[in-house]
Amino acid sequence: MKIILRYANTYKKALVIALFLMVVELVIELVQPIIMARIIDEGILQEDLQTVYFYGAILVGISVLAFVGGIISSFYASEVSQGVGYDMRRDMFERVQMFSVMKIKQFATSTLLTRLTNDVTQVQGLLFASMRIMLRAPLFIIFGIVMSFTLNVSLGLILIAIVPIILIIMIFLMTKGMKLFRKVQEKMDTVNRVIQENLVAIKLIKAFQRRKYENRRFSDVNQSLKDVNKKALWVMEIVMPIVMLVMNVALIALIWFGNLQLEGGNAQAGEVVAVINYATRILASFGVFSFLLMNLSRGRTSAKRIEEILVEDTDDLTSEEEKLSLHGDVTFEDVSFRYPDATKNSLTSINLQANAGQKIGIIGETGSGKTTLLHLIPYLFKATSGKVMIDGKDINQLKNRVRYDITLVPQEGFLFSGTILDNIRWGNEELAEEHAIQAAKEAQLHDFIMSLPNGYHTFVGQRGVNLSGGQKQRLSIARALADNPKILLLDDSTSALDADTEKRVLQAIRERHCTTFLVSQKISSVLDADIILLLQDGKTVAKGTHEQLLQNSSLYQRIWDSQRREQVGMDG
């Protein structure tokens, strides 16, 4: 809960105003039964209409004041709760952006989405309820009993005897409810994960006719969420019937005992009515406790989940440091890497010296560590042992600053909603349109773009759904070239291109004179590389130029012969 207070402190002025006006409402609510007692005892029973009019006018006036105060209090309470929600979402989003790729995978996308949306909404609801109801209800119960005592000690004792019983029941149910609502949030994460997987893999689901299976899988997690939610709500909702039972027994006792006092002349009618009025309002205050406890249980659970994100260590530098300008030298010194919880290394003792402007080809079978090696260069992953150095400096010291002049093009070209021009400029917002066009020409995409009705201003759907795989790859390459990188990382990102287009794209990249790392399944893509790295089970089994590897590596020779035969077969 400390995290909520820390964020609310930013809106201290609005918070103070909201709480002050809430106290004004509380005071007026506490005074109203006293005034009503005066109207009864000094006005109605004494048949003094002037007194009735006088106190009646006061009652109406303070009621209007409470009404206006409540509206203004709600306004400022909304400002605080919405502001805190905005700040929490902003800080969590920025924090997640600074997580390593590994850490994001550990949290899972579904739970991050839930925490950024549903959990923040729960905290907002808790904060608003706290300023408007949650503090007011217990304060009225306390001061309502005190006021009852000042009117009639005997009747006040009845209220004192009842209230602790209700509080014990509520504390017990709140503790149980908090545990259940944490389970609800976890189940919500699972539901979001299944939904996300289905939306992303919808084509695969249709191709494999797995709709019924996925429906059953979603039904299972949805049912689990429903069951836990029902149980949590049942625990919270049972509060109200218990409160009503106990308080109605108390009201009956108050009426019965008050009547005895009236008959004995030990009490006035107005004070008995006032005490009963306090008891009724205390009952109403307890009545909202089930709602308050639900908000408190959910809000506290969500606050803890939000705090887990905000206190998590980040791998990127947090300060805005001066951009690092790279020359383009990349060195691997005995580098090994192992994924968390893995039983063996994905990379073992990798040694490589790439000078600025060189082209490095990386080939190997699936799972040999090609992509992992590539991800070590922009500090997406941190080497388990050994050193990755950029321009002779340890990357662990430079951290994310190296990314200013490094660009990665993944195998699956990811595009953002917006125009084609927006996507090319995505890594360089100040890029002139003519330079974006030049990048598209180098990526062999210009002619296709110009064939579209709106050219470079054609809207690209989410994830580029209206483009083919090859077009998305070329657009991703154009985006990378538009960023003018000193080090360009191509993760099998020409796999969807035909041989002739791929050749022209790679030639354009070669003319850029940037250090290029090209992961590929095809030797033909790396024939002209200055260094070719052949990986197997995360280890370097051969290294050199194409001609050197043909002479010195039997594995490389077999791969080359196999791919040449396949190509001849395709041509035939």
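Sequence order as written defines residue numbering, which begins from 1 separately in each chain. With pLDDT at 70 or above as the cut-off, local features in this predicted model cover only qualifying residues; side-chain atom pairs require 80 or more to be listed or tallied, and sums for whole chains, interfaces and linings still use all residues. Side-chain numbers here rest on the full set of heavy atoms in the structure, without hydrogens or water.

As recorded by an unreviewed UniProt entry, the protein carries the name ATP-binding cassette subfamily B protein and is attributed to Gracilibacillus halotolerans. Of the protein, the UniProt comment under Subcellular location (unreviewed entry) reads exactly: "Cell membrane". UniProt positions are given in the numbering used here, feature names are shortened, and annotations may be inferred rather than shown by experiment.

Could you clarify how one ought to interpret a nonpolar patch on the surface in this entry?
Like-charged residues are merged into a patch within 9 Å and nonpolar side chains (Val, Leu, Ile, Met, Phe, Trp, Tyr) within 5 Å, provided each residue has over 30% relative accessible area and no salt bridge. Each accessible area is a Shrake-Rupley result for a 1.4 Å probe, and residues are judged covered by the shown protein chains and nothing else. Basic side-chain nitrogens of Lys or Arg form a salt bridge, by our definition, when they fall within 4 Å of a carboxyl oxygen of Asp or Glu. There is a patch of nonpolar side chains on the surface, built from V60, V64, F67, V68, I71 and I72 and spanning about 530 Å² of accessible area. You can see I72 is positioned in helix α3 (residues 49-97). Numbering goes from the N terminus for both helices and strands, where a helix is a DSSP run of H or I of at least four residues and a strand is a run of E of at least two.

Explain the sheet that holds strand β3 (residues 359-364) here, please?
By definition, the strands of a sheet pair up through backbone hydrogen bonds, in either a parallel or an antiparallel sense. Taking strand neighbours across the sheet as the criterion, the 6 strands line up as β6-β9-β10-β3-β11-β12 in an open arrangement whose pairing is mixed. Two strands lie at the open edges of the sheet, namely β6 (406-409) and β12 (539-544), each paired on one side alone. Here the strands of the sheet are splayed against their neighbours by 15° on average, with no regard to which way each runs. If DSSP finds at least two bridges between two strands, the strands pair. Where strand β11 (residues 531-536) and β12 come together, 5 bridges link them in antiparallel fashion. Each residue of the ladder has a partner; that of I532, found in β12, is G544. Helix α18 (residues 469-482) rests against β6 and β9 (487-491) of the sheet, and its axis sits at about 180° to β6. Orientation is described by lines fitted to C-alpha atoms, with helices fitted over the stretch in contact, and by angles between N-to-C directions that extend from 0 to 180 degrees. Note on contacts: a residue pair qualifies if any of its non-hydrogen atoms lie within 4.5 Å across the two residues.

I would appreciate a short explanation of the packing of aromatic side chains in the present structure.
Paired rings are identified among Phe, Tyr and Trp, the last through its six-membered ring, by centres lying within 6.5 Å, and are further divided according to the angle between planes into stacked (under 30 degrees), edge-to-face (over 60) and tilted (the rest). Under the criterion given, the structure shown has 7 aromatic pairs. Relative to Y339, the ring of F337 lies with its centre 4.8 Å away and its plane at 85°, an arrangement referred to as edge-to-face. What makes F337 buried here is its relative accessible area of 3%. When its relative accessible area of 24% is taken as the criterion, Y339 is described as partly exposed. An aromatic cluster is built from F337, Y339 and F381, whose rings are joined through pairwise contacts. Remark: exposure states derive from per-residue accessible area (1.4 Å probe, protein chains only) relative to the maximum for the residue type, with buried under 20%, exposed over 50%, and partly exposed in between.

So what exactly am I meant to see when it comes to the environment of A137 here?
Within the secondary structure layout, A137 lies in helix α6 (residues 136-151). Overall, the relative accessible area of 5% leaves A137 in the buried class. Separated by 147 residues in sequence, A137 and A284 have C-alpha atoms that sit 8.6 Å apart.

So what exactly am I meant to see when it comes to the packing of helix α2 (residues 12-44) against α6 here?
The description of two helices packed together rests on the angle between their axes and the distance between the axes. Contact geometry for α2 and α6: axes closest at 10 Å, N-to-C directions at 30°. One element, α2, and the other, α6, form an angle in the roughly parallel class. Crossing of α2 over α6 shows right-handed handedness. Contacts from M22, E25, L26, E29, L30 and I34 of α2 reach α6 at R136, L139, F140, F143, G144, M147 and L151. Note on residue classes: Ala, Val, Leu, Ile, Met, Phe, Trp, Tyr, Cys and Pro are nonpolar, Asp, Glu, Lys and Arg are charged, and everything else, Gly too, is polar. Looking at the contact of α2 with α6 residue by residue, the class counts come to 9 nonpolar, 1 polar and 3 charged. For this classification, under 35 degrees means roughly parallel, over 145 means roughly antiparallel, 65 to 115 means roughly perpendicular, and everything else is oblique. Each crossing gets its hand from how the near helix is turned against the far one by less than a right angle, where anticlockwise is left-handed and clockwise is right-handed.

Explanation requested: α2 in the structure shown.
Quick reminder: α-helices carry 3.6 residues per turn. Residues three or four places apart thus point the same way. Across its 33 residues, α2 extends 46 Å between first and last C-alpha, which sits within 8% of the 48 Å expected from 1.5 Å per residue. Here the bend at each residue means the angle between axes fitted to two seven-residue stretches, the one ending at that residue and the one beginning there. Residue V31 marks the point of greatest curvature in α2, where the axis turns by about 25°; the proline P33 follows within four residues. In a helix, the anticipated span is given by 1.5 Å times the number of residues less one.

Would you mind going over helix α19 (residues 499-510) with me for this structure?
For α19, built from 12 residues, the straight-helix expectation of 16 Å at 1.5 Å per residue is met to within 8% by its first-to-last C-alpha distance of 16 Å. Among the residues of α19, those classed as buried are T501, E502, V505, L506, A508 and I509. The buried residues of α19 occupy one face: seen down the axis, they fall within an arc of 155°. Exposed residues on α19 whose side chains face more than 90 degrees from its buried face are A499 and K503. Residues of α19 that are buried sit in contact with β3, α16 (433-442), α18, β9 and β10 (515-519). At the N-terminal boundary of α19, the capping side chain belongs to D498, with an oxygen 3.1 Å from the backbone nitrogen of D500. Comment: arc refers to directions from the helix axis out to C-beta atoms. Two N or O atoms form a polar contact when they lie within 3.5 Å of each other; inside protein one atom must be a possible hydrogen donor and the other a possible acceptor, and for residues adjacent in sequence the pair counts only when both atoms belong to side chains.

Which parts of the structure should I look at to understand the side chain of S346?
Relative to the helices and strands, S346 is located in the loop between β1 (330-337) and β2 (347-354). On the basis of relative accessibility, which here comes to 18%, the residue S346 falls in the buried class.

What is the right way to read the pairing of β10 from this model?
For a regular strand, the rule is simple: side chains alternate between the two faces of the sheet. Of all 5 residues that make up β10, 5 are buried, and the element is covered over most of its length. Along β10, one buried face is formed by T515, F517 and V519 and the opposite face, lined by T516 and L518, is buried too. Here β9 pairs with β10 via 5 bridges, running parallel. Bridge pairing in β10 links D491 to V519. One crossover worth recording links β9 to the parallel β10 by way of α19, and it is right-handed. Orient the strands so they point away from the viewer, and a crossover whose first-strand-to-second-strand path over the helix runs clockwise is right-handed.

It is not clear to me how the domain arrangement of the protein should be interpreted in this structure. Could you clarify?
The figure often quoted for interface size is the accessible area lost as the parts come together. You can read the domains of the protein as domain 1 (1-150 + 294-314), domain 2 (153-266) and domain 3 (330-569). The source of the domain bounds is an automatic or database domain assignment. A straight line from the C-alpha centre of domain 1 to that of domain 2 covers 20 Å. Each partner contributes to the interface: domain 1 provides 21 residues, whereas domain 2 provides 22 residues. Buried area is a sum: the accessible area each of two parts loses on coming together, probed at 1.4 Å, counted once for each and added. Taken over both partners, the interface formed by domain 1 and domain 2 buries close to 1900 Å², and the fraction arising from carbon and sulfur atoms is 62%. For the pair domain 1 and domain 2, the interface holds 1 salt bridge. At the boundary of domain 1 with domain 2, the tally comes to 3 residue pairs in polar contact (both at pLDDT 80 or more). The residue makeup of the side of domain 1 that touches domain 2, split by class, is 5 nonpolar, 10 polar and 6 charged.

Would you mind going over a positive patch on the surface with me for this structure?
All tallies of charge rest on Lys and Arg as positive and Asp and Glu as negative; His and the ends of each chain are not included. Lys charges are placed at NZ, Arg charges at CZ, Asp charges at CG and Glu charges at CD. A cluster of basic side chains, namely K206, R210, R211, K212 and R216, defines a positive patch on the protein surface. If one sorts the elements of the positive patch by residue count, helix α9 (residues 211-237) sits on top with 3 residues. Mapping R211 onto the fold places it in helix α9. Assessed through its relative accessible area of 55%, R211 is described here as exposed.

Just to check I follow, could you spell out the side chain of Q473 for this structure?
With respect to the element layout, Q473 can be found in helix α18. For Q473, a relative accessible area of 4% translates into the label buried. What Q473 contacts, discounting residues up to four positions off in sequence, is Q411, D492, S493, T494, S495, A496 and L497.

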